[in-house]
Amino acid sequence: MFDSFVAKLSAVLMDAAQSTTVQEAGSAVSLHADSWKETLPIMAIGMVGIFLVIGVIILITYGLNKLSLPGKKKKEKKDADK
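A brief structural summary. (Residues numbered from 1 in each chain as written. Predicted model: local features only at pLDDT ≥ 70, side-chain atom pairs only at ≥ 80, totals over all residues. Heavy atoms only, no water.)

**Some points on the overall build of the protein chain**
Then step 1. Broken down by element type, the protein chain carries 2 helices and 2 strands.
Then step 2. Taken from the N to the C terminus, the helices and strands of the protein chain come in the order α-β-β-α.
Then step 3. A buried classification covers 4% of the 82 residues belonging to the protein chain.
Then step 4. Split by element, the accessible area of the protein chain, about 7500 Å² in all, is 69% carbon and sulfur. (Helix = DSSP H or I, 4+ residues; strand = E, 2+ residues; numbered from the N terminus. Buried < 20%, exposed > 50% of the residue type's maximum accessible area, 1.4 Å probe, protein only. Areas by Shrake-Rupley, 256 points an atom, 1.4 Å probe, with all protein chains shown as cover.)

Shown next, in the form of C-alpha cells:
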C-alpha cells in the first residue's frame with residue numbers, strides 16, 4: 001500500500017514538474033488543473049494529521065495538568081486553614 005502511494009506521489013510530482021512553465025522575464029507560472037485533483041487529497045490528509053497531532057498534544061497537556069493539580073490544591077487548603 002505504501003509503495004503504491006509513493007508511486008502515485010512520484011507520478012504526480014513528475015507530471016507537475018513537466019506541466020509547470022516558468023518564464024524568466026515575465027515570471028508567469030501555469031499549472032494543470034488535473035494535478036490539483038490528485039494533490040488536494042494528499043494535502044488534506046496531511047492537514048488532518050497535523051490537527052490530530054495538535055489535538056493529542058493538547059489532551060496530554062490537559063491530562064497532565066489535571067493529574068498534578070490535586071497536590072497543589074491540598075497545600076493551598078492547608079495554608080488557608082491556618
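**Describing the layout of surface pockets**
Then step 1. In this structure, the largest pocket spans a volume of roughly 190 Å³.
Then step 2. The wall of the largest pocket is formed by 10 residues, among which F5, K8, L9, E38 and I42 lie closest to the centre.
Then step 3. Here the lining of the largest pocket is composed, by residue class, of 7 nonpolar, 1 polar and 2 charged. (1 Å grid on protein atoms, 1.4 Å probe; cavity = no way out; pocket = protein on both sides within 12 Å on 5 of 7 lines; lining within 4 Å. Points joined across faces, edges and corners; volume = space filled by probe spheres on them. Nonpolar A, V, L, I, M, F, W, Y, C, P; charged D, E, K, R; others polar.)

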